[in-house]
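Listed below are the residues making up each chain.
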Amino acid sequence: MTQIQDVLKQLDIFIKKYYKNQLIKGLLLLIGVFIFSLCLISGLEYFGKFNKLIRFLLFASFISINGFIILNFCLIPLLKLIRLRKGISSIEASRIIGSFFPEISDKLTNLLQLNNDLGKDDSSNYILLEASIIQKISKINIFSFNQAIDYSKTKKYLKLIFPVLFLFIFLIIYTPTLFTQGSLRIIE
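Analysis parameters
- Residues numbered from 1 in each chain as written.
- Predicted model: local features only at pLDDT ≥ 70, side-chain atom pairs only at ≥ 80, totals over all residues.
- Heavy atoms only, no water.
- Core = buried A, V, L, I, M, F, W, Y, C linked by side-chain atoms within 4.5 Å.
- Buried < 20%, exposed > 50% of the residue type's maximum accessible area, 1.4 Å probe, protein only.
- Helix = DSSP H or I, 4+ residues; strand = E, 2+ residues; numbered from the N terminus.
- Contact = heavy atoms within 4.5 Å.
- Salt bridge = Lys/Arg side-chain N within 4 Å of Asp/Glu carboxyl O.
- Patch = residues over 30% accessible without salt bridge, like charges linked within 9 Å, V, L, I, M, F, W, Y side chains within 5 Å.
- Areas by Shrake-Rupley, 256 points an atom, 1.4 Å probe, with all protein chains shown as cover.
- Phe/Tyr/Trp six-rings, centres within 6.5 Å; stacked < 30°, edge-to-face > 60°.
- Lys NZ or Arg CZ within 6 Å of the ring centre and 35° of its normal.
- Expected span 1.5 Å × (residues − 1).
- Arc of directions from axis to C-beta.
- Axes fitted to C-alpha atoms, helices over the stretch in contact; angles between N-to-C directions.
- Parallel < 35°, antiparallel > 145°, perpendicular 65-115°, else oblique.
- Nonpolar A, V, L, I, M, F, W, Y, C, P; charged D, E, K, R; others polar.

1. Considerations on the nonpolar core
In terms of nonpolar packing, the biggest core is built from 24 residues, with Leu11, Phe14, Ile97, Leu108, Leu111 and Phe145 touching the most fellow members. Put simply, the parts of the chain that give this core at least two residues each are helix H1 (2-48), helix H3 (90-100), helix H4 (105-120) and helix H5 (125-140). Looking at this core element by element, the count peaks at six residues for H1. If near-sequence neighbours (up to four positions away) are discounted, Leu108 is found in contact with Val7, Leu11, Ser94, Ile97, Ile140 and Phe145. The next biggest cluster of nonpolar side chains, apart from the first, holds seven residues, and it includes Ile35, Cys39, Phe168 and Leu171.

Okay, here's the thing in C-alpha cells:
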C-alpha cells in the first residue's frame, strides 16, 4: 500500500510547512514587538527620567513581553518543527487541510481513521478496509496538501513591521540620544 504512504508523506510535509509558517509569523511578531517596545520604553525613560523602581518595571516588562513572544511564538513552533515536542496529529492536520479543501475534508479524515483500523483489524474486514482506503486515496491524490498553507496571510505581518521599523529608523536618525541615554538609564 504505497499509496497510503504517499498520503501520509504529504501530510508530514504539510505539518512541517505548517510549523515553518508558524515560526515565520513568530519571528515577524518578535521583530515588530521588540522594536516597538524598545522605542516605547527608551522614549518613556528619556522623557520621564524615572526612579529606579519604575525603570526596573519598564525593563522587566520589556523582558517579559519579548520573552513570552520568543517562547510561545518562536521556540515552541521550532521544537514542534524539529519534533522535540509533540505537534499536531495527522487527524488534526487533515482537519486544517479540510478547511482549505472542503471537498476532501471528511474523506481525508476518514481515510486516516480507516488506515488506523486497518492496522488493528486482522479479520475478514481487512480486504474491505483496504478497498475502501484505495477508493478514498484515488479521490484525494489529486490535491496537493501544501497549498493549504497560505504564506500570503503571513505577509500581513510585514505590513505591521514596516511602520515600526520606519519609526525606529526615524528616531535613530533624528534623536539618537533617545536610545543611548534612555536605554542606558534603564539598564543601570
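2. Brief notes about the pattern of salt bridges
Oppositely charged side chains can form a pair if their charged atoms are brought close together. On inspection of all chains with the given rule, the structure shows two salt bridges. Across the salt bridge formed by Asp12 and Lys16, the nearest N and O atoms sit 3.9 Å from each other. Remark: Lys16 and Asp12 occur in helix H1; sequence separation between them is four residues, near one turn of the helix. The shortest N-O distance in the salt bridge between Arg83 and Asp12 comes to 2.0 Å. Residue Arg83 is found in the loop between helix H2 (52-81) and H3, and its partner Asp12 is found in helix H1; the two are separated by 71 residues along the sequence. Here the salt bridges do not stand alone but share partners, grouping Asp12, Lys16 and Arg83 into one network.

3. Here's the deal with the side chain of Ser37
Within the secondary structure, Ser37 sits in helix H1. Judged by relative accessible area, Ser37 falls into the buried class, the value being 8%. For Ser37, the residues in contact, after removing those within four places along its chain, are Phe62 and Asn66.

4. Remarks on the environment of Gly32
You can see Gly32 is positioned in helix H1. In contact with Gly32, not counting residues within four places along its chain, are Ile161 and Val164.

5. Here's the deal with a nonpolar patch on the surface
A contiguous nonpolar surface patch, about 830 Å² in accessible area, is contributed by Leu158, Phe162, Phe166, Ile169, Phe170, Ile172, Ile173 and Tyr174. Residue placement: Phe170 occurs in helix H7 (residues 156-174).

6. Comments concerning unusual backbone geometry
Positioned with a positive phi, Lys49 is a non-glycine residue whose angle comes to about 45 degrees. Tracing the chain through its elements places Lys49 in the loop between H1 and H2. For Arg83, which is not glycine, the phi torsion reads 65 degrees and is therefore positive.

7. Description of the packing of aromatic side chains
The full count for this structure, using the stated rule, is eight aromatic pairs. Between Tyr46 and Phe47 the ring centres are 5.0 Å apart and the planes differ by 80 degrees, which places this aromatic pair in the edge-to-face class. Using a relative accessible area of 21% as the deciding quantity, one classes Tyr46 as partly exposed. What links up through ring pairs into an aromatic cluster is the set Phe14, Tyr18 and Tyr19. Its end group placed over the ring of Tyr46, Lys49 keeps NZ or CZ at 5.6 Å from the ring centre.

8. Thoughts on helix H8 (residues 176-187)
With 12 residues, H8 extends 17 Å from end C-alpha to end C-alpha; this agrees with the ideal 16 Å at 1.5 Å per step. Turning to H8, its buried residues number three or more, namely Leu178, Phe179, Gly182, Ser183, Arg185 and Ile186. Looking down the long axis of H8, one finds its buried residues gathered within 160 degrees of arc, a one-sided arrangement. Turned more than 90 degrees off the buried face of H8, the exposed positions are Leu184 and Ile187.

9. So, the packing of H7 against H8
Where H7 contacts H8, the two axes come as close as 4 Å, and the packing angle between them is 90 degrees. Between H7 and H8, the interaxial angle falls into the category roughly perpendicular. Across the interface between the two elements, Phe168, Leu171, Ile172, Ile173 and Tyr174 from H7 touch Pro176, Leu178 and Phe179 from H8. Partitioned by chemical class, the residues of the contact of H7 with H8 number eight nonpolar, no polar and no charged.

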